[in-house]
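Single-letter residue listing:
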Amino acid sequence: MESKSSYNGGLEGVEREVRVANKRGAGTCESLLRILALALTLSAAVLLGVDKQNKIVPLRIVDTLPPISVPVSAKWHYLSAFVYFVVAHAIACSYAAISLILSLGNRGGKSSGLSLLVVIGDLVMAGLLFSSNGAAVAIGLMGYQGNSHVKWKKVCNVFGKFCDQAAAAFVVSLLGAIAFLLLVAIAVRRLHKK
């Protein structure tokens, strides 16, 4: 009988070790996702923040006269949706750095209030990134396809490099928003297990 109780005691010790290992594994996964979110949001902000292109475009004023060559430039800060995109990603990148430090400091789950604030922040950042990406992609599609109803011509046939770099920023941004969404999903799963 005594050997049975010592055997169970040994099992409990093993279970404790497994639980601690699982918490460390979840913390490592969360930290890696935070680092990924930080890198992706920084990359998206930089990709669109340095995006500009200058071209000389022939402009025909009257059909009987030859076209006039006009220098035209496309820059990210000419469109308010792109400004919103860059600012939102700068905010999300800053938050990712701060939350990474806070989550590493709160490694053992010492403060549940701090953990709740970080999860709420993750949710807000996911929403901010998805909304800024949606606004920027809507304007990007307008530049790519134009709008025949209001007689807006497409500009991506002229500013191809600018549009390609903006499209790359949109894809990277989407991955960053998904990283924040996965952080929220991990927190919900952890809450559901409790």
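No experiment lies behind these values; they were computed from the predicted model shown.

This paragraph deals with the confidence of the model for the protein. The predicted model of the protein has a mean per-residue pLDDT of 84, with 84% of residues at 70 or higher. Confidence, read as mean pLDDT per element, is least for helix 1 (residues 2–49) in the protein (69) and greatest for helix 2 (residues 80–105) (94). Confidence over residues 1–7 falls short of pLDDT 50; this stretch has zero contacts with residues more than four positions distant or in other chains. A low-confidence stretch, residues 14–22 (pLDDT under 50), is modelled with zero contacts involving residues beyond four sequence positions or located in other chains.

Taken together, the side chains of Phe130, Val171, Leu174, Leu175, Ile178, Leu181 and Leu182 make up a nonpolar region of the molecular surface, amounting to roughly 570 Å² of accessible area. Ranked by the residues each element gives to the nonpolar patch, the list is headed by helix 4 (residues 160–193), at six residues. Among the secondary structure elements, Leu175 is positioned in helix 4. You can call Leu175 partly exposed: its relative accessible area is 45%.

Turning our eyes to something else, we now look at the side chain of Ser173. Within the element layout of this structure, Ser173 appears in helix 4. When residues no more than four places from it in sequence are discounted, the contact partners of Ser173 are Ala44, Phe85, His89, Leu129 and Asn133.

This part covers the packing of aromatic side chains. Per the stated rule, a full pass over the model turns up four aromatic pairs. Measuring from ring centre to ring centre gives 5.9 Å for Phe82 and Phe170, while their planes differ by 55°; the resulting arrangement is tilted. Separated by 88 residues along the polypeptide, Phe82 in helix 2 and Phe170 in helix 4 bring together distant segments of the chain. Classification of Phe82 as buried rests on a relative accessible area of 3%. Aromatic pair Tyr95 and Phe180: ring centres 6.1 Å apart, planes at 40°, arrangement tilted. Residue Tyr95 is found in helix 2, and its partner Phe180 is found in helix 4; the two are separated by 85 residues along the sequence. By the ring-pair criterion, three or more aromatic residues cluster together here, those being Phe82, Phe85, Phe162 and Phe170.

All right, on to the layout of surface pockets then. Approximately 540 Å³ is the volume found for the second largest pocket. Take the lining of the second largest pocket: its biggest share by element is seven residues, from helix 3 (residues 112–145). Residues belonging to the lining of the second largest pocket are distributed by class as follows: 19 nonpolar, four polar and three charged.

Turning our attention to the pattern of salt bridges. Where charged atoms of side chains with opposite charge meet at close range, the side chains can pair. Inspection of the entire model under this criterion finds three salt bridges. For Arg190, the salt bridge is made with Glu30, and the minimal N-O distance between the two is 2.9 Å. Placement of Arg190 in helix 4 and of Glu30 in helix 1 is noted, with a sequence separation of 160 residues between them. Judged by relative accessible area, which is 35%, Arg190 ranks as partly exposed. Its salt-bridge partner being Arg34, residue Asp122 comes within 2.8 Å of it at the nearest N-O pair. Taken as a pair, Asp122 in helix 3 and Arg34 in helix 1 lie far apart in primary sequence, 88 residues in all. The same class applies to Asp122 as to Arg34, namely buried. Members of the salt-bridge network, linked through shared partners, are Glu30, Arg34, Asp122 and Arg190.

Calculation rules
Residues numbered from 1 in each chain as written. Predicted model: local features only at pLDDT ≥ 70, side-chain atom pairs only at ≥ 80, totals over all residues. Heavy atoms only, no water. pLDDT = per-residue confidence, 0-100. Helix = DSSP H or I, 4+ residues; strand = E, 2+ residues; numbered from the N terminus. Contact = heavy atoms within 4.5 Å. Patch = residues over 30% accessible without salt bridge, like charges linked within 9 Å, V, L, I, M, F, W, Y side chains within 5 Å. Areas by Shrake-Rupley, 256 points an atom, 1.4 Å probe, with all protein chains shown as cover. Salt bridge = Lys/Arg side-chain N within 4 Å of Asp/Glu carboxyl O. Buried < 20%, exposed > 50% of the residue type's maximum accessible area, 1.4 Å probe, protein only. Phe/Tyr/Trp six-rings, centres within 6.5 Å; stacked < 30°, edge-to-face > 60°. 1 Å grid on protein atoms, 1.4 Å probe; cavity = no way out; pocket = protein on both sides within 12 Å on 5 of 7 lines; lining within 4 Å. Points joined across faces, edges and corners; volume = space filled by probe spheres on them. Nonpolar A, V, L, I, M, F, W, Y, C, P; charged D, E, K, R; others polar.

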